[in-house]
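Coordinates in review
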Amino acid sequence: MTSWIATSTGAVCLAAAAVVVVQSDMSSASFFVASAACTAFLAVATALLGRAGRAAFRRLVAYHGWLCRKHGEGSLKDMMWALALGGLGRLLPWQTYQALLPPVPLVDLDFAVDAFLDTMAGIVEPDVLAELVAAAEEFKCGVGPELHAELERRVADDPLYLSRPEQGALRHRTSLLTMNYYGYLEHCFPKTTACRRTALTIGLLMALQDAIETGRLGPIMVGPVPLCNEQHERMFGTARIPKPDIDELRHVPRSPNVIVVVAGVAFEVAVLSRDGRRPSVDDLEALLVELRERAAASTTPPTYAAVASLTALPRREWAAAREDLCSDPHNASVLSAIESAAFVVVITDDAPANVSERSHVALAGSSSAPLWFDKSLEMIAFGDGATVYNCEHACSDGLVLADFQELLAVAEFGAPSFLRDALEASGGFAPTARMLDFCVSDGQWKRTLGKAEDALAALRTDLDIRHMSFTDFGSDTIKALGGSTDSLIQVAIQLAYLRDSMGWTGFTVEAVTKRFFRGGRVGSVYSVTRAMTDLVHATH
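Parameters and conventions
Numbering of residues starts from 1 in each chain and follows the order in which that chain's sequence is written. The predicted nature of this model means local features are confined to residues of pLDDT at least 70 and side-chain atom pairs, given and counted, to a pLDDT of 80 or more, with totals for whole chains, interfaces and linings taken over all residues. By convention in this description, side-chain values take in all heavy atoms of the structure and omit both hydrogens and water. Secondary structure counts use DSSP, requiring at least four H or I residues in a row for a helix and at least two E residues in a row for a strand, with both numbered from the N terminus. Remark: exposure states derive from per-residue accessible area (1.4 Å probe, protein chains only) relative to the maximum for the residue type, with buried under 20%, exposed over 50%, and partly exposed in between. By the convention used here, residues are in contact when the closest approach between their heavy atoms is within 4.5 Å. In this scheme Phe, Tyr and Trp rings, the latter by its six-membered ring, pair at centre separations within 6.5 Å, and the angle between planes marks the pair as stacked below 30 degrees, edge-to-face above 60, and tilted otherwise. N or O atoms closer than or at 3.5 Å make up a polar contact, with two conditions inside protein: a donor-capable atom paired with an acceptor-capable one, and, for residues adjacent in sequence, both atoms drawn from side chains. A carboxyl oxygen of Asp or Glu within 4 Å of a side-chain nitrogen of Lys or Arg is what we treat as a salt bridge. Criterion used throughout: strands pair if DSSP finds at least two bridges between them. Where helices are involved, their axes are fitted lines through C-alpha atoms of the stretch in contact, as for all axes, and angles between N-to-C directions lie from 0 to 180°. Buried residues of nine kinds, namely Ala, Val, Leu, Ile, Met, Phe, Trp, Tyr and Cys, make up a nonpolar core once their side-chain atoms join them within 4.5 Å. Throughout, the term roughly parallel applies to angles under 35 degrees, roughly antiparallel to angles over 145, roughly perpendicular to angles from 65 to 115, and oblique to all others. By definition, turning the near helix anticlockwise from the far helix through less than a right angle yields a left-handed crossing, and turning it clockwise yields a right-handed one. Polarity classes work like this: nonpolar for Ala, Val, Leu, Ile, Met, Phe, Trp, Tyr, Cys and Pro, charged for Asp, Glu, Lys and Arg, and polar for all others, with Gly in that last group.

**Quick word on the overall build of the protein chain**
Of the regular secondary structure elements, the protein chain holds 22 helices and 13 strands. Across the 540 residues that make up the protein chain, the buried fraction comes to 46%. Long-range pairs, those at least 24 residues apart, make up 74% of the contacts in the protein chain with a sequence separation of at least 6.

**Focus on the packing of aromatic side chains**
The way to describe two aromatic rings as a pair is by their centre distance and the angle between their planes. Applying the stated rule across the entire model yields six aromatic pairs. Ring plane angle 65° and centroid distance 6.2 Å describe the contact between F236 and F343, whose orientation is recorded as edge-to-face. Separated by 107 residues along the polypeptide, F236 in the loop between α11 (230–234) and β4 (238–241) and F343 in the loop between α15 (329–340) and β8 (344–347) bring together distant segments of the chain. For F236, a relative accessible area of 1% gives the class buried.

**Observations concerning unusual backbone geometry**
Even without glycine at this site, R254 takes up a positive phi of about 50°. By the secondary structure assignment, R254 is in the loop between β5 (248–251) and β6 (257–262). The class for R254 is partly exposed, based on a relative accessible area of 32%. With phi around 55°, A263 is a residue other than glycine that occupies positive phi space.

**A word on the side chain of S175**
Tracing the backbone through its elements, the reader meets S175 in the loop between α9 (166–169) and β1 (181–184). With a relative accessible area of 11%, S175 lands in the buried category. There is a polar contact of 3.1 Å between the side chain of S175 and the backbone nitrogen of L177. A distance of 2.6 Å separates a polar atom in the side chain of S175 from the backbone oxygen of A312. With residues near it in sequence (within four places) discarded, S175 still touches A312, L313, P314 and L459.

**As for the pattern of salt bridges**
Where side chains of opposite charge bring their charged atoms close, a pairing between them can arise. Enumeration over the complete set of coordinates arrives at 28 salt bridges. Ionic pairing is found between K140 and D114, a salt bridge with its closest N-O pair at 3.9 Å. Taken together, the residues K140 in helix α7 (residues 126–141) and D114 in helix α6 (residues 109–120) connect sequence positions 26 residues apart. K140 gets classed as buried once you look at its relative accessible area, which sits at 18%. As a salt-bridge pair, R254 and D210 come within 2.5 Å of each other at their nearest N and O atoms.

**Considerations on the environment of V536**
Locating V536 in the fold gives a position in helix α22 (residues 530–539). By relative accessible area, which is 1% here, V536 ends up buried. Residues V536 and T505 lie 31 residues apart in sequence; the distance between their C-alpha atoms is 8.7 Å. Non-local contacts of V536, meaning those with residues more than four positions away in its chain, are made with V491, Q494, L495, L498 and T505.

**Here's the deal with the sheet that holds strand β11 (residues 432–436)**
Spatial ordering of the open sheet is given by β1-β10-β9-β8-β6-β7-β11, a layout of seven strands whose pairing is mixed. The open sheet has two edge strands, β1 and β11, and neither has a second partner. Strand-to-strand, the axes of this sheet are offset by a mean angle of 25°, without reference to chain direction. Two elements, β6 and strand β7 (residues 265–270), share six bridges in a ladder whose sense is antiparallel.

**Quick word on the environment of N180**
Within the fold, N180 resides in the loop between α9 and β1. C-alpha of N180 to C-alpha of A364: the two residues are 184 residues apart in sequence and 9.2 Å apart in space. Beyond its immediate stretch of four places on either side in the chain, N180 contacts L363, F373, N390, C391, E392 and H393. A distance of 3.2 Å separates the side chain of N180 from the side chain of N390, its partner in a polar contact.

**Remarks on the environment of G450**
Here G450 shows up in helix α19 (residues 443–462). The partly exposed category is assigned to G450, whose relative accessible area is 21%. Taking the C-alpha atoms as reference, G450 lies 9.8 Å from L310; in sequence the two are 140 residues apart.

**Regarding the nonpolar core**
Ranked by size, the top nonpolar core spans 46 residues in total, and within it L310, L325, W372 and F438 carry the most contacts. Secondary-structure elements contributing two or more residues to this core are β6, α13 (304–308), α14 (315–326), α15, β8, α16 (355–364) and α19. Looking at which element gives the most residues to this core, the answer is α16, with five residues. Discounting chain neighbours no more than four positions away, the residues touching L310 are W318, A321, L325, W445, T448, L449 and A452. Of all hydrophobic cores here, the second largest spans 45 residues; its members include V258, L284, Y389 and L401.

**Quick word on the side chain of E339**
Here E339 is to be found in helix α15. Setting aside chain neighbours within four positions, we find E339 in contact with G237, T238, A239, I241, R250, R322 and K375.

**What about the packing of helix α21 (residues 485–500) against α22?**
Here α21 crosses α22 at 60°, and the two axes come no closer than 10 Å. Viewed along their axes, α21 and α22 adopt a mutual orientation that is oblique. By crossing handedness, the relation of α21 to α22 is classed as right-handed. Contacts between α21 and α22 involve Q490, V491, Q494, L495 and L498 on the former and, on the latter, M532, L535, V536, H537 and T539.

**Looking at α16**
Taking burial as the measure, the ten residues of α16 include nine buried ones, the bulk of the element. Taken together, the buried positions of α16 are occupied by V355, S356, R358, S359, H360, V361, A362, L363 and A364. In this structure, the buried residues of α16 make contact with β1, β9 (378–381), β10 (387–391) and α19. Where α16 begins, one side-chain oxygen reaches toward the backbone nitrogen of S356, 3.2 Å away; that side chain belongs to N354.

**Some thoughts on the packing of α14 against α15**
Between α14 and α15, whose axes approach to 7 Å, the crossing angle comes to 120°. The angle between α14 and α15 falls in the class oblique. Counted together, W318, R322, L325 and C326 of α14 and N331, A332, L335 and E339 of α15 form the full contact between these two elements. Here the contact of α14 with α15 is composed, by residue class, of five nonpolar, one polar and two charged.

This is the structure:
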C-alpha cells in the first residue's frame, strides 16, 4: 500500500510539473525549481521506499525520446526527465539499476530502411539512389516483413537477444592478435621502479575488482543517464575458451589469484584471502622482487611463452591444441589457473623508445613480454615503469578499459578516491606464489609449439603501428567552435580518402554506444551524410 501511494504521488508530482511547464510561461528558474522538487521527491522515495524508487527509475530509464533529438536540441520534458533520472541513477545500488535497464530495442522496419537510404544518399549518384529506393520498396513489400517478424519472435523469446554482440565475435576463427584491443597510458607519474609501480597497479586493480563485485562502484554516467556496466565485471576473472565453431567466455567471480610472468616464467600469486583481506603495496613489491630472483635462478627452460603463442593461432587450431593439453591432468591444472586468474601481469626489463613501439608490444606482445590472448585483461610493465594493457574484445569494449585507466590514474596521482582509500586500508595478508610450468617436452609438442611461435613472429612482423600526437590544438578549441573531436576526425578521414581515391567518398566507421541499454555494447555505424560529402568536396 505504501509503495503504491509513493509511486502514485511521484507520478502526480511529475505530471503536475510537466503540465505547469508546458501550459504556462514559466521562467527557467521556476522550471528548475519544479524539476528539482520532483527529483528530490524521487530521491526520497528511492531511499525510504525501495520498491517505489525502482518503479520510478524503470519508467524514467525506459524513455528514449531524447535519442531522436538533433545535437543541441531538447525539450523541457527532456530536461525534467534528465534531472529526475540523474538523481535516481546516482542513488540506486549497482545491482539494482543494472537489472532495471531496458534491453536494446528492435527498431521499426520502415525506420531502418529509411535511415539506410538517407545514408546512401550521401555517397551515390542520383541514378544509383533511384535503384536503391526501388529495391528498398520491393524489400519492404516482400521478404522484409517476414525477416523482421522473425527478429520480433527471437526478441520475444529472449529480450536480451540484441544485446549480445559478443556472440558474433566469438564466432571469428582467425587469430585474436588483431582482434583484441590495447590501452596505453602515457607515463606521466613520478619515476619509480617497475616492481613498485606494478605492485601499486595490482593493488589498485584488486581493489577495483572488489568494488565491482560488491557493488560499491557507482554507475558510470553520461550526463544523467547511467550506463550498463556488465562488461566491468567480465574484465576480471574471464577467459575466452577456444572451441571448433564458436568460442565461449568463462568467468570466475571474485578470483583471488593473478598470474605474474617474469622473464618468461609464470607464477600464480594469491592476492586475496578468504575473508577478503588484500596484501599491502609494500608486501606486493617485496614478492615481485622475490619472483624476479626465483625466475633468474630457475634452471628449467620456461614453457609459458611457447604455450601462450598457441593462443594467437586461428581458433580451430588452438582449440585442438588446447584439447590435447587438457588430456594431461597437470597441464589442465595449469590452464585452469591461468584462465581463472583475475588478470595477467607481464614484467619485462625492456623499455621501448616511443609510443609506437609500446603500442606494438601492447597489441602483439614480444619475445620478452608474451601475451595470453584469451585473457580479458593483461598488463605489461616495462623496465621504466610505464604500463600498457591488452584486452580480449569479446569480453569488453575499449571504453571499459578507458574507464579503468581513468580510475587508476586518479588513484595513482594520490587524489581522493574510493580506490585510494581501499588501497591504503589493505594489508594483513601475505601474498604467496607458486611457479607454473607446462609438461610439453616431447617431440610432438616441440614441433607444435615451434610452428606456433613462428606463426606469431610472422604476425608481429606484419603488424605496423604508427602513433601520431597532434598538438596544434585540442578538444577545447573544437568544442568552442561548436563541433566535436569525433566529427573533426571523420572530416579528416573523408578528406584523406577523397584525395587518395581520386574523388570518391565512402563510409567511415562511427562508434555508437548501446550501453544505455542492459547488456549493450559499443557498435559500429558505417555512415556518411550529404552534408559531409558536400563539405569535403568543397574543401578538396
